[in-house]
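# Chain and residue survey
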2 protein chains.
Amino acid sequence: MRHFRKLFVLRNYGTRVDEGWQAAVRSATVPGPIGIAQKEEYARLSPHMAATMRIFFDIENSLGNYIADVDGNVFLDAFSQISSATLGYNHPAVLAACESNEMKNFMANRPAMGYFPHSKFPQQLEQTLMRCAPPGMDGVTTMMCGSCSNENAFKTVFKAWMNRERGTDEVSDAECNAANFNKGEGNKLSIMSFTGAFHGRTFGCASCTNTRGRIKVDIPLLDFPIVDHPQLRYPLDQHAAENEAEESRCLEQVRHVIKERAKAGKPVAGMIIEPIQAEGGDRTASDSFYRRLRNICLEENVYFIVDEVQTGAGVSGKWWAHEHWGLETPPDVVTFAKKMQAAGFYYRKSLNSNWGPTIFNTFVGDPARLVILDSVLNVNEAEDLTAKAADVGDYVKSEILALSEKYGDIANVRGRGTLVAWDHPTMAARDKVVGDAMKEGLLLGGCGNQSIRLRPSLTFDKSHADEFLHLFEKTLEQ
Amino acid sequence: MRHFRKLFVLRNYGTRVDEGWQAAVRSATVPGPIGIAQKEEYARLSPHMAATMRIFFDIENSLGNYIADVDGNVFLDAFSQISSATLGYNHPAVLAACESNEMKNFMANRPAMGYFPHSKFPQQLEQTLMRCAPPGMDGVTTMMCGSCSNENAFKTVFKAWMNRERGTDEVSDAECNAANFNKGEGNKLSIMSFTGAFHGRTFGCASCTNTRGRIKVDIPLLDFPIVDHPQLRYPLDQHAAENEAEESRCLEQVRHVIKERAKAGKPVAGMIIEPIQAEGGDRTASDSFYRRLRNICLEENVYFIVDEVQTGAGVSGKWWAHEHWGLETPPDVVTFAKKMQAAGFYYRKSLNSNWGPTIFNTFVGDPARLVILDSVLNVNEAEDLTAKAADVGDYVKSEILALSEKYGDIANVRGRGTLVAWDHPTMAARDKVVGDAMKEGLLLGGCGNQSIRLRPSLTFDKSHADEFLHLFEKTLEQ
């Protein structure tokens, strides 16, 4: 039975790509018998990858916000490939981009962009990454993925910090030689991050990640400080005073650790923060918290990096989530990947002080991904998808708030745009809901210890939201 | 005037894709006026990327082993996009792969492979990565690029080492929490690498890299030991005794450092080595050196990682360069990228002990790149390109040896397959030759302090080698 809820006034966005589709689970289990048999074959070749898989993704039979699996099941996808599928599956504009000569040329002839950028690259940058650049950011470098972007953002900040401290970009041969044997002055430097942060799993990124210890255990890590992220209480309007106190406490700790490290000769060169701590449980803080944090960085000469890998590309209701903050001074670096299709980082050119061969690799990005980003930006403009994400997200959030009153085990409903999340009482309870929802035809992603995050594509509209709410309520009713 | 040289007996490999093409430089400078003007626009958008570029790569007007630039120049390409272009430019088989429905599906619908592998992935692994797996390696994991592959290989080894030491895969919550704040037991572990090694520029990889200090200076690094790589003297047959002594000295140092670190409570968990230290100056050692090194690893319980990012995919005259060594026990891990088109690492399943969420990221590889690898493997089999690389490489090496007798400033001619290199007297002299060759229509890559490396595609045949030798001699004659 379909529940019809109070309708918000939503803009008219034309026809759905997946008009007429709905979730349908045919197999008695998920994965079904075909998926289970295929997983055995898979485990023989790649036991590690097989261990984490959920379903085999049937690309040809997926469309829009519906993902099909190898057993013929169709799920409403509220997770969008760990928040990386921007316009859903087989979107006509993206398919057209992927059938273009441009795409074929870039795939068949991948340029090593650091030495041999393709001849239309400046125009391509202008048309894609600069077209959606965050306010105040005037330089950009493409990279390979989110972790690669963060690792290179850190190195950028370390180079800039040391160049500033020395007063010159020139480094002595003795210092280069010490660094070459892992014994350079740079060893004193660090990036500050926050409890609950997720910035990736490579060694630099992992040293700034603080979600689940299980992804870091047994691994040598850098001596980087991790300070408290505010833990707000919800609903916000009922906890204004204590949330303000919590944010002030965290800001004081930030300043204290920066000063202590400086005194100890181990200065903090940069700080990285996500506008919403996605993997870590969709925690966030007030806009004023980030403005104050940015000011501390300016006062303490700490470079300020915003990780928009999961929050960028329109899902927050603005193209970049940090645009909500109203910063007076833009960030020094903004990193991106996932729904941006391409990866890399923006920076302010004032930072560009002789990074030399430090920020370099074989490919330095991938122009093929920029072809897709171009098609995404066109559709976003034509269909006003970013504004739609704001409306759809507000609608879902208010409806989940209503559900939380009806079903006691949903709390802390929160979010911006479609980056909506809520908590269940325990990790086990959360995991059960995610598993049960799959059997109802709803693909959800967990995050943090006990949260579920809504992380759909930009084409997830009100009708998808209604189906989501229906399937989610069916799951809860069990 | 074309020089004709002594012909070696070469197999007949059919028609060149680039039949009738030859190098031709039209502009007075390289880059020419169009490239220079475009670089200014580029520097406005991405000053850092613009700083390292050599030419703008005109993809549509490049073919086979000839790269065109935006000024209408055509260069014989002996560098192949930093050794990543496998079959040259616009190869018909690769273009066909890039026009396939499969390719379109993977590009338009990139799977987050850790959770949602596409439905044909086991078959795709079988047909591509397992079809060319190194002897004795029975597991494989795809990754994003060479650095990502090495970072994840290191983490794999750390997890395996600690699981072995503990005697269980289970880790306590207290230890997970310590690791989560960068204070876990894993901090005692390290990867051993060699002077002159290049394994990438992300933080874990950079800690194992020892090429030029300038790519590591100002960056905090892990406390990983770097031991001496043998420095052989050439020609090998005239320096057998001293080279043997040098290799023994290095092996003793390896064992000594492993034992010292163990005593100090800072055990070496793994070792990484390239069959030929490409970026570091194309240094290598005897096959017996690697066999003895592998045995030390077995005796000392150190996992043995072979980095085949630049040496894999047939260019050494075998598909994997370490196949030349005749190891009794295969490596524990072999990493790949570049000419393999896809990136990742092979491993022995015996190593697969609960890596958990440590070896994971959003995409965990890219099936689109496996579509290209499939076409490469087909062409390699049909045209016997790996055997051809052995012949062409032998031919070029012997001819450069002849040149080194004629022109005094070429020394230490060395190599395996087309991985041929030689030294010039100084870095400045080397850089001048690379710059002058560009004006003659020959695109070369430097490596190490004073070496030039031949690093062409697998379709670089004897006729290309002759044109290369002609252009290189013209450059030297100046």
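Given the structure is predicted, the values throughout are model-derived calculations rather than measurements. (Residues numbered from 1 in each chain as written. Chains lettered and ligands numbered in written order. Predicted model: local features only at pLDDT ≥ 70, side-chain atom pairs only at ≥ 80, totals over all residues. Heavy atoms only, no water.)

## Concerning the nonpolar core
Ranked by size, the top nonpolar core spans 223 residues in total, and within it A:Met340, A:Tyr346, B:Met340 and B:Tyr346 carry the most contacts. With residues up to four places along the chain from it excluded, the contact list for B:Met340 reads B:Leu129, B:Cys132, B:Ala313, B:Trp319, B:Trp320, B:Tyr346 and B:Leu373. (Core = buried A, V, L, I, M, F, W, Y, C linked by side-chain atoms within 4.5 Å. Buried < 20%, exposed > 50% of the residue type's maximum accessible area, 1.4 Å probe, protein only. Contact = heavy atoms within 4.5 Å.)

## Description of the environment of B:Gly200
All names here are of chain B. If you trace the backbone, Gly 200 turns up in the loop between strand E5 (190-194) and helix H9 (203-206). Expressed as a C-alpha distance, the spacing of Gly 200 and Ile 215, which sit 15 residues apart in the sequence, is 9.9 Å. The residues contacting Gly 200, other than those within four sequence positions of it, are Ser 147, Cys 205, Ala 206 and Thr 209. (Helix = DSSP H or I, 4+ residues; strand = E, 2+ residues; numbered from the N terminus.)

## Comments concerning the pairing of strand E8 (residues 303-307) of chain B
Residue and element names in this part refer to chain B. By the criterion of burial, E8 is predominantly enclosed, with five of the five residues buried. Across the two faces of E8 the burial is the same, with Tyr 303, Ile 305 and Asp 307 and Phe 304 and Val 306 all buried. For the segment spanning strand E7 (residues 268-273), helix H11 (residues 287-300) and E8, crossover handedness is right-handed. Pairing analysis gives three bridges linking E8 to strand E9 (residues 333-336), with the strands arranged parallel. From the neighbouring strand, Asp 307 faces E9, where its bridge partner is Thr 335. (Right-handed = clockwise from strand over helix to strand, strands pointing away. Pairing = 2+ DSSP bridges.)

## Looking at the packing of aromatic side chains
To describe a pair of aromatic rings, you give the distance between the ring centres and the angle between the ring planes. Throughout the structure, instances matching the rule amount to 46 aromatic pairs over all chains. On the basis of an interplanar angle of 55 degrees and a centroid distance of 5.1 Å, the ring pair of A:Trp422 and A:Phe472 is categorised as tilted. A residue pair is termed long-range when its members are at least 10 positions apart, and A:Trp422 in strand E12 (residues 419-423) and A:Phe472 in helix H15 (residues 462-477) qualify at 50 residues. Comparing A:Trp422 with A:Phe472, the two get one shared label, buried. With 5.4 Å between their ring centres and 85 degrees between their planes, B:Phe289 and B:Tyr290 make a pair best called edge-to-face. Using a relative accessible area of 0% as the deciding quantity, one classes B:Tyr290 as buried. Three or more aromatic residues joined by ring pairs form one cluster here, namely A:Phe79, B:Tyr115, B:Phe116 and B:Phe360. When the ring centre of A:Tyr234 is taken as reference, the NZ or CZ atom of A:Arg414 above it lies at 6.0 Å. (Phe/Tyr/Trp six-rings, centres within 6.5 Å; stacked < 30°, edge-to-face > 60°. Lys NZ or Arg CZ within 6 Å of the ring centre and 35° of its normal.)

## Notes on the interface of chain A and chain B
Listed as interface residues are 124 residues of chain A and, on the opposing side, 123 residues of chain B. Broken down residue by residue, the surface that chain A buries against chain B is led by A:His48, A:Phe116 and A:Asp218, which jointly contribute 7%. Where chain A packs against chain B, one counts 12 salt bridges. Residues A:Arg369 and B:Asp366 are paired through a salt bridge, measuring 2.5 Å at the closest nitrogen-oxygen approach. Connecting chain A to chain B are 68 residue pairs in polar contact (both at pLDDT 80 or more). Of the residues in the side of chain A that touches chain B, the class split is 61 nonpolar, 35 polar and 28 charged. (Buried area = accessible area lost by both parts, 1.4 Å probe. Salt bridge = Lys/Arg side-chain N within 4 Å of Asp/Glu carboxyl O. Polar contact = N/O pair within 3.5 Å; in protein donor to acceptor, adjacent residues only side chain to side chain. Nonpolar A, V, L, I, M, F, W, Y, C, P; charged D, E, K, R; others polar.)

## Focus: the relation of the copies chain A and chain B
Superposition of chain A onto chain B requires a rotation of 180 degrees combined with a translation of 0.0 Å along the rotation axis, giving an RMSD of 0.0 Å. This pairing of chains is accounted for by a two-fold axis. Taking C-alpha positions as reference, the residue of chain A nearest the rotation axis is A:Phe203, located at 2.8 Å. When you check the interface residues of chain A against chain B, 99% turn up at the interface there too, and the contact is symmetric in its surfaces. (Least-squares fit on C-alpha atoms with pLDDT ≥ 70 in both.)

## Observations regarding the side chain of A:Ser80
All names here are of chain A. For Ser 80, the position within the fold is in helix H3 (residues 80-83). In terms of polar contacts, Ser 80 uses its side chain to reach the backbone carbonyl oxygen of Arg 455, at 2.6 Å. Residues within four places of Ser 80 in sequence aside, it is in contact with Ala 85, Tyr 89, Lys 339, Arg 455, Pro 456 and Ser 457.

## Some remarks on the packing of helix H13 (residues 385-406) of chain B against helix H15 (residues 462-477) of chain B
Residues and elements named next belong to chain B. Put simply, H13 and H15 touch, their axes get as near as 10 Å, and they point 20 degrees apart. With respect to H15, the element H13 is oriented roughly parallel. The crossing of H13 and H15 is right-handed. On the side of H13, the interface is formed by Val 392, Tyr 395, Val 396, Glu 399, Ile 400, Leu 403 and Lys 406, while H15 contributes Lys 462, Ala 465, Asp 466, Phe 468, Leu 469, Phe 472, Glu 473 and Leu 476. Among the residues making up the contact of H13 with H15, the classes are represented as 10 nonpolar, no polar and five charged. (Axes fitted to C-alpha atoms, helices over the stretch in contact; angles between N-to-C directions. Parallel < 35°, antiparallel > 145°, perpendicular 65-115°, else oblique. Left-handed = near helix turned anticlockwise from the far one by under 90°.)

## A word on the sheet that holds strand E1 (residues 57-63) of chain A
Residues and elements named next belong to chain A. The four strands lie next to each other as E1-E2-E3-E13, forming an open sheet whose pairing is mixed. Looking at which strands have only one partner, the edges of the open sheet turn out to be E1 and strand E13 (442-443). Where H15 meets the sheet, its contacts fall on strand E2 (66-69), strand E3 (74-77) and E13, and the angle it forms with E3 comes to roughly 110 degrees.

## Quick notes on the sheet that holds E5(B)
All names here are of chain B. Pairing is mixed across the open sheet formed by seven strands, whose spatial order is E4-E10-E9-E8-E7-E5-E6. Each having just a single partner strand, strand E4 (139-143) and strand E6 (226-227) make up the two edges of the open sheet. Both E9 and strand E10 (residues 343-347) contribute to a ladder of four bridges, which runs antiparallel. Counted as the bridge partner of Phe 336 is Gly 344 from E10.

## Considerations on the environment of A:Gly417
All names here are of chain A. By the secondary structure assignment, Gly 417 is in the loop between strand E11 (411-416) and E12. Each C-alpha atom of the pair Gly 417 and Ser 316 lies 4.1 Å from the other, and the pair is 101 residues apart in sequence. Setting aside residues up to four positions removed in sequence, Gly 417 forms contacts with Val 315, Ser 316, Gly 317, Ala 389, Ala 390, Gly 393 and Asp 394.

## A word on helix H14 (residues 427-440) of chain B
Residue and element names in this part refer to chain B. Along its 14 residues, H14 runs 20 Å from first to last C-alpha, staying within 8% of the 20 Å computed at 1.5 Å per residue. Along H14, the residues that are buried comprise Arg 430, Val 433, Val 434, Asp 436, Ala 437, Met 438 and Glu 440. Considering only its buried residues, H14 is in contact with strand E3 (74-77), strand E13 (442-443), strand E14 (445-447), strand E15 (451-453) and H15. After H14 finishes, the residue Gly 441 shows a positive phi value of roughly 95 degrees. (Expected span 1.5 Å × (residues − 1).)

## Digging into the pattern of salt bridges
If the charged atoms of two oppositely charged side chains come close together, the side chains can form a pair. Residue and element names in this part refer to chain B. Enumeration according to the criterion identifies 72 salt bridges over all chains in this entry. Note that Arg 348 is salt-bridged to Asp 332, the shortest N-O span being 3.1 Å. Taken together, the residues span a long stretch of sequence, with Arg 348 in the loop between E10 and helix H12 (367-383) and Asp 332 in the loop between E8 and E9 at a distance of 16 residues. The class for Arg 348 is buried, based on a relative accessible area of 19%. You can call Asp 332 buried: its relative accessible area is 9%.

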